[in-house]
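# Residue-level structure breakdown
The chain contents come next:
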Amino acid sequence: MSRILVVAGTDSSGGAGLSRDIAMAQSLNCSVSPVVTSVTVQTNQALIASHAIPPKIIAAQIKAAFDPAGQIPKAIKIGMIGTPEAAKSLARSLPTGVPIVLDPVLKSSSGGALMSLETLAPLLPMVTLLTPNLEESARLCGTCYSPEDPPDFTVIELQAQRILDRGVAAVLIKGGHGKGARSTDHLFTTKTHRAFTAPRLAINKRGTGCSLATALACALAQGKSLEEACGTAKSQLTQWLGTVD
């Protein structure tokens, strides 16, 4: 069983955050070393409160998870970070040479901001894959997003280039929140583009971003290439969306 490190916040509703990460990883035969960055008070309808974990406690959790006497996690998934200070602590504490998937959770799917754009900056040069949805991609580039407009590939490509210019190795812009019969995710590196598509399901579940990023980290931990991981994770997310929790 491969082990991944998951850096994220808790969600008292169980619909997202670490609980969703752990559930997805276990379904893919991976174990999780959890690092808690924030404790949130959430329901499926609202974000009520959020308490950031001190950066030194976050760093201590990572050090313990990467104990030289234990098994080293094969990949890292980062979700909610909390504060810019926490991001700086992560940048100092995370090891090199391990694939990192970062889901830029700018706001909760139940409503409410979770972290600011500046929070991500110290981590971007370390990231193997950034996984913004259409709205997050637009916000990362300082542009407007309208959920009523169909995804425009020209716009997506331009946003991807701007994100890559910030030092990220690869970006997967997810189309799950878009319109149309098909949901398409676009993987960009500085040299390549690959699209991954699946039927758009008439299902509204929280935790889709957490689930996909965790599935990606699991696939990378199990030795898949980046393109293979994106294809596998897309299929696994589609399968989960079709199940009843």
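Residues numbered from 1 in each chain as written. Predicted model: local features only at pLDDT ≥ 70, side-chain atom pairs only at ≥ 80, totals over all residues. Heavy atoms only, no water.

On to the overall build of the chain, then. Looking only at helices and strands, the chain features 8 helices and 9 strands. A compact globule built from 245 residues would reach a C-alpha radius of gyration of about 18 Å, and the chain, at 17 Å, matches this within 12%. Across its three principal axes, the chain shows a C-alpha extent of roughly 50 × 40 × 35 Å. Across the 245 residues of the chain, 47% fall into the buried class. (Helix = DSSP H or I, 4+ residues; strand = E, 2+ residues; numbered from the N terminus. Rg over C-alpha atoms; globule rule 2.2 N^0.38 Å. Buried < 20%, exposed > 50% of the residue type's maximum accessible area, 1.4 Å probe, protein only.)

Moving on: the packing of aromatic side chains. Across all of its chains, the model carries 1 aromatic pair by this definition. Measuring from ring centre to ring centre gives 6.1 Å for F153 and F188, while their planes differ by 25°; the resulting arrangement is stacked. Linking F153 in helix 6 (residues 153-164) with F188 in strand 8 (residues 182-188), this pair joins segments that are 35 residues apart in sequence. Among the residues examined, F188 registers a relative accessible area of 5% and is labelled buried. (Phe/Tyr/Trp six-rings, centres within 6.5 Å; stacked < 30°, edge-to-face > 60°.)

Here we take up the pattern of salt bridges. One pass over the structure, following the stated rule, counts 4 salt bridges. A salt bridge links E227 to R194, with the nearest nitrogen and oxygen atoms 2.9 Å apart. A residue pair is termed long-range when its members are at least 10 positions apart, and E227 in helix 8 (residues 226-241) and R194 in strand 9 (residues 193-199) qualify at 33 residues. (Salt bridge = Lys/Arg side-chain N within 4 Å of Asp/Glu carboxyl O.)

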